[in-house]
Amino acid sequence: MQKFEKINRVSGTIEYKGDKSISHRAVIFACMADGISKISNLSGSEDVNSTAGIFKSLGCEINNEGKDLIIKGRGYKGFKATSSYLDAGNSGTTARLLSGLLMNQNFSSTMIGDESLSQRPMKRIIEPLRQMGGNFFPTDENTLPMRIEPSNNIAPINYVLPIPSAQIKSAIVLSALHLDEPSTIIENLPSRNHTELMLNLRVEQKDSQNIITASKKNYPNPFEIFVPGDISSAAFFIVLTLLSKDSELTINNVSLNPQRACYVELLKQMGADIEIQPVKSSLGEPIGNLIVRSSKLKNITIPASAIPLIIDELPVLTICGLMAEGDFEFLHAAELRVKESDRISAMVKNLRALGVEVEEFPDGLHIVKSENQLNESPVFDSFGDHRIAMSFGILSLILESGGSINNFECVNISNPDFVKQIQGIVK
Ligand code: S3P
């Protein structure tokens, strides 16, 4: 159990290790390329370690050189067969993206995951990848463990994404990179676009849709990348700073990709004092500094179109909404129920443990503000989910009586430095 006392204020400068989504893709594309790639500022997360671990079993050389990661990729269809299970751990991105890659190899493999990942839906990628000719043998519930057999009949696809998901989109792209004929993926609502940017894919905007085209022409070559700081890890510290008195935090070299920094814009609409200073870019990814100051916040209506772009930040935005003026609500987020935990249920249970009046919907929640006294020294549950653990860690740092979180070590899934970083900026 991790206990946090109320802090006085936040002050200082911080820089985060590389963004988790971009780091996964950097490792995957470097391992696919024929030659040596260099990745600076890779994420230190357990999830990205899971991706790297799988590629080591597939014969890739992955070594640290000072602060950089040097990867010798195996080239087109060059991975080595292995009889070991490929363990994606807790990482949905690893399991889903690599499925698109493994179906195109000349050997069979079996993907496994931890207890949480083994319950998460894989049908969403199995369906389009089977349409392309992939041979998948998951459990009867379409979950991991999943055997992937080689196939001689892989063909391109034109696919309209039924849900806005960067993981589904990227799984299809990874398969499409093995075919001469182009595949197209149509998204009605944008989701994070790191795969498109890093592979320099053609993205056409028609009406309100994005049409993404990928083929073997886009197969990755060796590259060098500086991975921008993780804007999703920064979200917790931004919320803490905004909600603390007399506080100012500078965050350097963080991702400013508009599809990831969308929550910063929403916070600004709520009245947040956040200064944005663009600095540079790396492989199409904008990078910059943020200066965040204590603010008086007022809740707003969160538009449905923003939900896919703030999906990982909704738990900590809920903490922000709890402390801001007015009722807080989000809807259209049923996807939150199939993340590392059922995040809607986890948030509702923890908020009720604090004595907050909260209504639960199939796709969201509504916090009703009241004058009722909150419970003292609450004990929250992480539900084994890193973003739930960190959200209630932030809340505990703000509550008069502090608070505790059970099973807090799951924060290592995305940010093993969370506690150390908090200690460095709180006064
Ligand atoms: C991710 C995409 C999102 C996000 C996840 C990482 C990615 O999932 O929730 O943490 O790296 O592509 P979906 O694409 O399923 O929404």
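It should be emphasised that the depicted structure is a prediction, and the values quoted were computed from it without experimental measurement. (Residues numbered from 1 in each chain as written. Predicted model: local features only at pLDDT ≥ 70, side-chain atom pairs only at ≥ 80, totals over all residues. Heavy atoms only, no water.)

## Describing the sheet that holds strand β5 (residues 68–72)
Here is step 1 of the chain: Sheet architecture is open: 4 strands sit in the order β4-β5-β3-β14, paired in mixed fashion. Taken across any chain shown, the strands that pair with only one partner, and hence form the sheet edges, are β4 (61–65) and β14 (224–226). Averaged over all adjacent pairs, the angle separating strand axes in this sheet is 15 degrees, with direction ignored.
Here is step 2 of the chain: Examined bridge by bridge, strand β3 (residues 36–40) and β14 share 3 bridges and lie parallel to one another. Considered in β14, the bridge of S40 is made with F226. (Pairing = 2+ DSSP bridges. Helix = DSSP H or I, 4+ residues; strand = E, 2+ residues; numbered from the N terminus. Axes fitted to C-alpha atoms, helices over the stretch in contact; angles between N-to-C directions.)

## Considerations on the domain arrangement of the protein chain
Here is step 1 of the chain: Entries for the protein chain in the domain assignment read domain 1 (2–16 + 260–267 + 298–425) and domain 2 (20–216).
Here is step 2 of the chain: Relative placement of domain 1 and domain 2: their C-alpha centres are 29 Å apart.
Here is step 3 of the chain: Overall, the association of domain 1 and domain 2 removes approximately 1,500 Å² of surface from exposure, summing both partners, and the carbon and sulfur fraction of that is 48%.
Here is step 4 of the chain: Taken as a group, R260, E340 and I413 account for 36% of the area that domain 1 buries against domain 2, more than any other trio of residues on that side.
Here is step 5 of the chain: Linking domain 1 to domain 2 there are 3 salt bridges.
Here is step 6 of the chain: Salt-bridge contacts for E335 lead to R124; the nearest nitrogen and oxygen are separated by 2.8 Å.
Here is step 7 of the chain: The interface formed by domain 1 and domain 2 holds 8 residue pairs in polar contact (both at pLDDT 80 or more) in total.
Here is step 8 of the chain: Per-class residue counts for the side of domain 1 that touches domain 2 are 7 nonpolar, 4 polar and 6 charged. (Domains from an automatic or database assignment. Buried area = accessible area lost by both parts, 1.4 Å probe. Salt bridge = Lys/Arg side-chain N within 4 Å of Asp/Glu carboxyl O. Polar contact = N/O pair within 3.5 Å; in protein donor to acceptor, adjacent residues only side chain to side chain. Nonpolar A, V, L, I, M, F, W, Y, C, P; charged D, E, K, R; others polar.)

## Digging into the site of the ligand
Here is step 1 of the chain: Close contacts around the ligand come from S21, R25, T93, S165, A166, Q167, R192, I311, D312 and K339, and that covers them all.
Here is step 2 of the chain: Contacts to the ligand include D312, whose side-chain N or O atom sits 2.7 Å from an oxygen atom.
Here is step 3 of the chain: One nitrogen or oxygen atom from the side chain of K339 is found 2.7 Å from an oxygen atom belonging to the ligand.
Here is step 4 of the chain: The fraction of the free accessible surface of the ligand (380 Å²) that becomes covered by protein chains is 94%.
Here is step 5 of the chain: Residue assignment for the shell around the ligand shows that the elements contributing at least two residues are α1 (20–32) and α5 (166–176). (Near = heavy atom within 4 Å. Areas by Shrake-Rupley, 256 points an atom, 1.4 Å probe, with all protein chains shown as cover.)

## Side note on the environment of T139
Here is step 1 of the chain: Topologically, T139 is positioned in the loop between β8 (135–137) and β9 (146–149).
Here is step 2 of the chain: Residue T139 is classed as partly exposed on the basis of its relative accessible area of 24%.
Here is step 3 of the chain: Spatially, the C-alpha atoms of T139 and S118 are 9.5 Å apart, while their sequence positions differ by 21 residues.
Here is step 4 of the chain: Apart from residues lying up to four places away in sequence, T139 is in contact with L144 and P145.
Here is step 5 of the chain: Separated by 2.5 Å, the side chains of T139 and T143 make a polar contact. (Buried < 20%, exposed > 50% of the residue type's maximum accessible area, 1.4 Å probe, protein only. Contact = heavy atoms within 4.5 Å.)

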